[in-house]
Amino acid sequence: MNPSSLTRRLLGLALVASGLVGVLTATTAAPASAAARISVTNDRGTAAADTKYRTELTIKGTGFQVVKGGFGGVYLMFGWVDDARGGSWKPSKGGVTGSDYRYIPDGENAATNQGYLKFIAFPGSSTATEANAVLGKNGSFTVTLTVPGPTFQSVDRTGKVSTVDCTKVTCGVITIGAHGVKSPANETFTPVRFTDVYEAAPAGPSDAATPPQTTDQSGTAPEASGSAAAAPEATAPEAGAPAAAGAPTLTTDRLTAKVGNTLAFTATGFRPGEQVLGVLDDGVAGIGPMIAGPSGEVAGILPLPADLAAGTHELRLTGAATGGQATERFAVRPADATPGDQDAVAADSEEDASASRVFLVLAGCLFLLALGGLAVRLLLRRRTTAGAAA
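Residues numbered from 1 in each chain as written. Predicted model: local features only at pLDDT ≥ 70, side-chain atom pairs only at ≥ 80, totals over all residues. Heavy atoms only, no water.

*Asks:* Explain the environment of Thr 51 to me, please; I cannot follow it from the model alone.
*Replies:* Considering the arrangement of structural elements, one finds Thr 51 in the loop between β2 (48-50) and β3 (55-62). Judged by its relative accessible area of 32%, Thr 51 falls in the partly exposed class. Each C-alpha atom, one on Thr 51 and one on Thr 195, is 5.4 Å from the other, the two residues being 144 residues apart in sequence. Contact partners of Thr 51, with chain neighbours within four places excluded, come to Pro 150, Phe 194, Thr 195 and Asp 196. (Helix = DSSP H or I, 4+ residues; strand = E, 2+ residues; numbered from the N terminus. Buried < 20%, exposed > 50% of the residue type's maximum accessible area, 1.4 Å probe, protein only. Contact = heavy atoms within 4.5 Å.)

Okay, structure coming up:
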């Protein structure tokens, strides 16, 4: 084979390699998909919450990452985040609840959820039966979320309670990975403004905004500024006030039951307006007094002591006026126990795949450069040989 023919072939191989690099880049790049985003709409067709009354928002999500059969899913909450533009509030970037972001607490179980927090499960997840909704195959969902008013109470990891005033800071709808799973692709914050949406109280379970109450580590109900976050005045119900139908029932959020963590719970069946006290075991921890809502409902968050032994424990709620009781036994996991993190594995795999794509592209480029150099050397050798013959 003469040098001219060999040169043409090497140049042809270089062109093929160049095309191969393009193909590798195109075929190994992450699949095109819209970033996770949500839309917020109230029943008046605007994306605002009322400054005085409870507001029901319809939340539609699109483009969320779906892990079929994966553990957990997405938490959708109303709250505040620090550094909304920079994103340092996100759990995947080290953000911590109570410090970098705050939200209105609520139980996850769909049967007793008060509407302040929604759990949207992955399709086929082991926790899907407890969810308020399931992500569609294309990463979409539609749920309603309750905003009790412009102020609310939140609790951090140590059980400390604080009040957030959305007239002074920017609040909105937050989405993060559920059940402690860090899911960067599903972390979003969508601001919601507060204005006079309603001229009168809209139809609903309660006219006034009354989010779930929280307690500090001592079990004492904190004082809060703002009528929306403050607990109603603890007055005895009027004589003859009807008790809620049926015996009181209690549901704990067992996924949060971990030593040193906070246990969310909801209960129904108490007399509207009566004080309700909660006790863990034989007084290891307590919460209250809480005030039963207009339908006899109670919701709260109980800090579990850091020295609490892992195992089965019992929470007991007692109505002060009626003496009605609701109890539930539940398992508390050790502080270092973590569930299977399939979503995290998926995220790691995504990072590994990105690294592989970069390696393939670089390898292809190096191969292309090597072929080009060889072709140039052969071309120079051919010219040298031709000059010597002349």
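After that view of the structure, there is still more to cover.
*Asks:* Please clarify how the packing of aromatic side chains should be interpreted in this entry.
*Replies:* How two aromatic rings sit relative to each other is set out by the distance from centre to centre and by the angle between their planes. In this structure the tally under the stated criterion is five aromatic pairs. A centroid spacing of 6.0 Å and a plane angle of 70 degrees characterise the contact between Trp 89 and Tyr 101, whose relative ring orientation is edge-to-face. Of the two residues, Trp 89 sits in the loop between β4 (73-81) and β5 (101-103) while Tyr 101 sits in strand β5, which places them twelve residues apart along the sequence. As far as burial versus exposure is concerned, Trp 89 and Tyr 101 are alike and both buried. An aromatic cluster of three or more residues is present, and its members are Trp 89, Tyr 101 and Tyr 103. (Phe/Tyr/Trp six-rings, centres within 6.5 Å; stacked < 30°, edge-to-face > 60°.)

*Asks:* Even after reading the chapter, I still don't get the state of the cysteines, so can you show me in this structure?
*Replies:* Any covalent bond linking the sulfur atoms of two cysteines counts as a disulfide. A full pass over the atoms with the stated rule returns one disulfide. Residue pairing for Cys 166: its cysteine sulfur links by disulfide to Cys 171, the two sulfurs lying 2.1 Å apart. Between Cys 166 and Cys 171 the sulfur-sulfur dihedral comes to about -90 degrees; the bridge is accordingly left-handed. When its relative accessible area of 9% is taken as the criterion, Cys 166 is described as buried. Classification of Cys 171 by relative accessible area gives buried; the value is 1%. (Disulfide = S-S within 2.5 Å.)

*Asks:* When you look at the nonpolar core in this model, what are you seeing that I'm missing?
*Replies:* Grouped burial of nonpolar side chains is what soluble globular proteins tend to show. Within the largest apolar cluster, 29 residues are counted, with the highest numbers of intra-cluster contacts made by Ile 59, Leu 76, Phe 78, Ile 120, Phe 141 and Val 173. Elements with a contribution of two residues or more to this core: β1 (37-41), β3, β4, β8 (141-147) and β11 (171-177). When near neighbours in sequence (up to four residues on either side) are disregarded, Ile 59 contacts Ile 38, Ser 39, Val 40, Leu 76, Phe 141, Thr 142, Val 143, Leu 145 and Val 173. Membership of the second largest hydrophobic core comes to 22 residues, among which are Val 259, Phe 265, Leu 308 and Leu 317. (Core = buried A, V, L, I, M, F, W, Y, C linked by side-chain atoms within 4.5 Å.)

*Asks:* Looking at this structure, how should I read the confidence of the model for the protein?
*Replies:* Reading fine detail from the predicted coordinates is not recommended where pLDDT is low. Here the protein averages 76 in pLDDT, and 69% of its residues register 70 or above. The secondary structure element of the protein with the lowest average pLDDT is helix α1 (residues 3-28), at 51, and the one with the highest is strand β12 (residues 188-191), at 97. Of the regions scoring below 50 in pLDDT, residues 20-32 engages in ten contacts with residues more than four places distant in sequence or in other chains. (pLDDT = per-residue confidence, 0-100.)

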